[in-house]
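# Summary of structural features
Here is what each chain is made of, one letter per residue.
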Amino acid sequence: MTVTATIKPDLAGLLPEDAEAMLKQHFAERGQAKYRAGQVAKWLYERLASGFDEMTDLPAAEREALKEKFELSSPAVAKLSRSVDGTAKHLWRLKDGELIESVLIPTPSRLTLCISSQAGCAMACSFCATGWAGYRRQLGAGEIVSQYRGARRWARENGYGEISNIVFMGMGEPLMNPKSLFPTLAILNRGYGVGARRITVSTVGVVPGILQMAEMPEQYRLAVSLHAPNHELRQKLIPLEKKYPLPVLLDALRKFDEAGGKRITFEYVMIDGVTDLPGLAEELAGVIGEFNAFVNLIPFNPIPGTDWQPSKRARLTEFVDVLEARGIPAAVRESRGRDIAAACGQLRAEATEGRKPVQMGSI
Ligand code: SF4
């Protein structure tokens, strides 16, 4: 006889309208008043309860019944690291023991949360420690949303205030996990009230996902990790370039751009003697000049296993000047949380120390 385990619906990963319908049905079946569903929704979306036991305005029997029927994803904090600059990194342990990270980045005007969409990453970009560690598994929508719920709760309790922006720039390539990413966007937007323009999906160029985002009515932001203005250099940094070469990627971005009002941010890693060579800034301007774009230049963050160094200050300034002279707004994005390995490309660096990169271009 085969015994099949019942998978309980995870309230953290359900679309708000589905959660509401299921809760209403659950309470109706139990002969409970309709307002019970609203009580749970308040605990879920406003008070950010991490478990049913916290829902103290429900009778104990109802809390037990909810536990029987539903999950509420709530990963444990395996480690919390706080940088001297205020950046706070949570290492979350999921139910099956997988570890993922999210990073809170405070500035005077905003509090940004950087979240993970996969455990590990299969993209193997040569400048990124997450990629070197390899891919573990997809995250469910509830596991992605619960990073937001946990980090937001922690931020409230620790004087960081409310999260204003969310960026999918943690571990993983979000558009390689569309089954969880797209519901997550809707849950954050409609359930937790995070404005679509305050949510940025960052991709190394997964063309089908970009095309899907172009068709969405909500104006979610897109950040494209370009890192090189031509196919030859880009394929040495980003293996996915072989599957979706630059011209194909640019075509998809045109469609996203044509959908209107959706500014694209281009991320460009500045590696000394690799991506900052003379002429590359001009070439970059030529490639992205047609878009309503902004360029973030990210000085390479040292990670174990490579001799690469960040570009010199003078090169960074020169790049910004060339782009701006061509009418493309650009800025150097100061790295935050380097001391706790929370900066771009450093997530999971500690766990992979001593490992050799799995994909190194012959640069
Ligand atoms: S840069 Fe992004 S897509 Fe590339 S390996 Fe790192 S996490 Fe994956």
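Given the structure is predicted, the values throughout are model-derived calculations rather than measurements. (Residues numbered from 1 in each chain as written. Predicted model: local features only at pLDDT ≥ 70, side-chain atom pairs only at ≥ 80, totals over all residues.)

The subject of this paragraph is the sheet that holds strand 8 (residues 199-203). Taken together, the 10 strands give an open sheet; going across it, the order is 1-2-3-4-7-8-9-10-11-12, and neighbouring strands pair in mixed fashion. In the strand order of this sheet, the two ends are held by strand 1 (76-82) and strand 12 (330-332), each with one partner. Strand-to-strand, the axes of this sheet are offset by a mean angle of 20°, without reference to chain direction. (Pairing = 2+ DSSP bridges. Helix = DSSP H or I, 4+ residues; strand = E, 2+ residues; numbered from the N terminus. Axes fitted to C-alpha atoms, helices over the stretch in contact; angles between N-to-C directions.)

Right, let's talk about the domain arrangement of the chain for a bit. Domain annotation for the chain reports domain 1 (11-69) and domain 2 (76-352). Each of domain 1 and domain 2 has a C-alpha centre, and these two points are 34 Å apart. Counting residues at the interface gives 6 residues for domain 1, matched by 14 residues for domain 2. Among the residues making up the side of domain 1 that touches domain 2, the classes are represented as 5 nonpolar, 1 polar and no charged. (Domains from an automatic or database assignment. Contact = placed C-beta atoms within 7 Å. Nonpolar A, V, L, I, M, F, W, Y, C, P; charged D, E, K, R; others polar.)

If you trace the backbone, Gly13 turns up in the segment before helix 1 (16-29). According to the C-beta neighbour criterion, Gly13 is buried, with 23 such atoms within 10 Å. In this structure the C-alpha to C-alpha distance between Gly13 and Glu29, which are 16 residues apart in sequence, comes to 22 Å. With residues up to four places along the chain from it excluded, the contact list for Gly13 reads Ser73, Gly140, Ala141, Gly142, Val145 and Pro183. (Buried ≥ 20, exposed ≤ 12 C-beta atoms within 10 Å, placed from the backbone.)

Attention now goes to the packing of helix 1 against helix 2 (residues 35-45). One can describe the packing of helix 1 onto helix 2 by two numbers: an axis separation of 8 Å at closest approach and a directional angle of 135°. In terms of their interaxial angle, helix 1 and helix 2 are classed as oblique. The interaxial crossing formed by helix 1 with helix 2 has right-handed handedness. Here helix 1 contributes Glu20, Leu23, Lys24 and Phe27 to the contact with helix 2, which in turn contributes Arg36, Ala37, Val40 and Ala41. Here the contact of helix 1 with helix 2 is composed, by residue class, of 5 nonpolar, no polar and 3 charged. (Parallel < 35°, antiparallel > 145°, perpendicular 65-115°, else oblique. Left-handed = near helix turned anticlockwise from the far one by under 90°.)

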